[in-house]
Amino acid sequence: MGDTKFHKDEFSNGANHPRIYSPAIQPLLQSLLATLADLDFDYEKEREKVSNGSPDMTIKIRALEKLKNRHRERRDPYIQQLAVLQKRMMDLRT
């Protein structure tokens, strides 16, 4: 979750660049963000289940680590697509 590193300053300077996305980009951006939100929500639910599950800490830690790795693997393609989309949006500004 903390692996998304977008440059906040590049998007927050509304005075110079209004936050209006191309009609071709906005649906894709919304879709990618919604998918990531769904993946994060599912991850948090599963993490809670595991945390409240087995009293054996070794099993719990191992299960949480597997869950974290699976979550990262599921998110990575969408993060990469967001990076490509961010570059396209920046290229459109120039």
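Source: prediction; values computed, not measured. (Residues numbered from 1 in each chain as written. Predicted model: local features only at pLDDT ≥ 70, side-chain atom pairs only at ≥ 80, totals over all residues. Heavy atoms only, no water.)

### Side note on the packing of helix H2 (residues 26-51) against helix H3 (residues 57-93)
Between two packed helices, both the angle of their axes relative to each other and the distance between the axes serve to describe the pair.
Next up, step 1: With their axes 10 Å apart at the nearest point, H2 and H3 run at an angle of 170 degrees to one another. In terms of their interaxial angle, H2 and H3 are classed as roughly antiparallel.
Next up, step 2: Along the lines of polarity and charge, the residues of the contact of H2 with H3 split into 16 nonpolar, four polar and eight charged. (Axes fitted to C-alpha atoms, helices over the stretch in contact; angles between N-to-C directions. Helix = DSSP H or I, 4+ residues; strand = E, 2+ residues; numbered from the N terminus. Parallel < 35°, antiparallel > 145°, perpendicular 65-115°, else oblique. Nonpolar A, V, L, I, M, F, W, Y, C, P; charged D, E, K, R; others polar.)

### A short note on the nonpolar core
The tendency in soluble globular proteins is for nonpolar side chains to be buried side by side.
Next up, step 1: One finds Ile25, Leu29, Leu32, Leu36, Ile79, Leu82, Leu85 and Met89 forming the largest nonpolar core, which totals eight residues.
Next up, step 2: Elements that contribute at least two residues to this core include exactly H2 and H3.
Next up, step 3: Ranked by residues supplied to this core, first place goes to H3 with four residues. (Core = buried A, V, L, I, M, F, W, Y, C linked by side-chain atoms within 4.5 Å. Buried < 20%, exposed > 50% of the residue type's maximum accessible area, 1.4 Å probe, protein only.)

### Remarks on H2
Next up, step 1: When the terminal C-alpha atoms of H2 are compared, their 37 Å separation across 26 residues agrees well with the 38 Å that a helix rising 1.5 Å per residue should span.
Next up, step 2: What H2 keeps buried is the set Leu29, Leu32, Leu36, Leu39, Asp40 and Tyr43. (Expected span 1.5 Å × (residues − 1).)

### Considerations on H3
Next up, step 1: Relative to the 54 Å expected for 37 residues at 1.5 Å per residue, H3 spans 51 Å between its end C-alpha atoms, a close match to the ideal helical length.
Next up, step 2: Looking only at H3, the buried set comprises Lys60, Leu67, His71, Arg75, Ile79, Leu82, Leu85, Gln86 and Met89.
Next up, step 3: Capping the start of H3, Asp56 holds a side-chain oxygen 2.9 Å from the backbone nitrogen of Thr58, two or three residues further along. (Polar contact = N/O pair within 3.5 Å; in protein donor to acceptor, adjacent residues only side chain to side chain.)

### Notes on the pattern of salt bridges
Next up, step 1: Under the definition given, this model contains four salt bridges.
Next up, step 2: Linking Asp40 and Arg75 is a salt bridge whose minimum nitrogen-to-oxygen distance equals 2.8 Å. Within this pair, whereas Asp40 is found in helix H2, its partner Arg75 is found in helix H3, the two being separated by 35 residues in sequence.
Next up, step 3: Overall, Arg75 belongs to the buried group, its relative accessible area being 4%.
Next up, step 4: Measuring nitrogen to oxygen at the nearest pair gives 3.4 Å for the salt bridge that ties Arg47 to Glu44. Here the residue Arg47 and the residue Glu44 both occupy positions in helix H2, the gap between them amounting to three residues, near one helical turn. (Salt bridge = Lys/Arg side-chain N within 4 Å of Asp/Glu carboxyl O.)

### A look at the side chain of Lys60
Next up, step 1: With respect to the helices and strands, the residue Lys60 is situated in helix H3.
Next up, step 2: Of the side chains with opposite charge, Asp56 lies nearest to the buried Lys60, which makes no salt bridge, at 8.8 Å.
Next up, step 3: Among the polar contacts made by the side chain of Lys60, one reaches the main-chain carbonyl oxygen of Ser54 at a distance of 3.3 Å. (Lys, Arg positive; Asp, Glu negative; His and termini not counted.)

### Describing the confidence of the model for the protein
Next up, step 1: Confidence in the prediction for the protein averages 83 pLDDT; 78% of positions are at 70 or higher.
Next up, step 2: In this model residues 4-14 is a low-confidence stretch, pLDDT under 50, and it forms 14 contacts with partners more than four residues away in sequence or in other chains. (pLDDT = per-residue confidence, 0-100. Contact = heavy atoms within 4.5 Å.)

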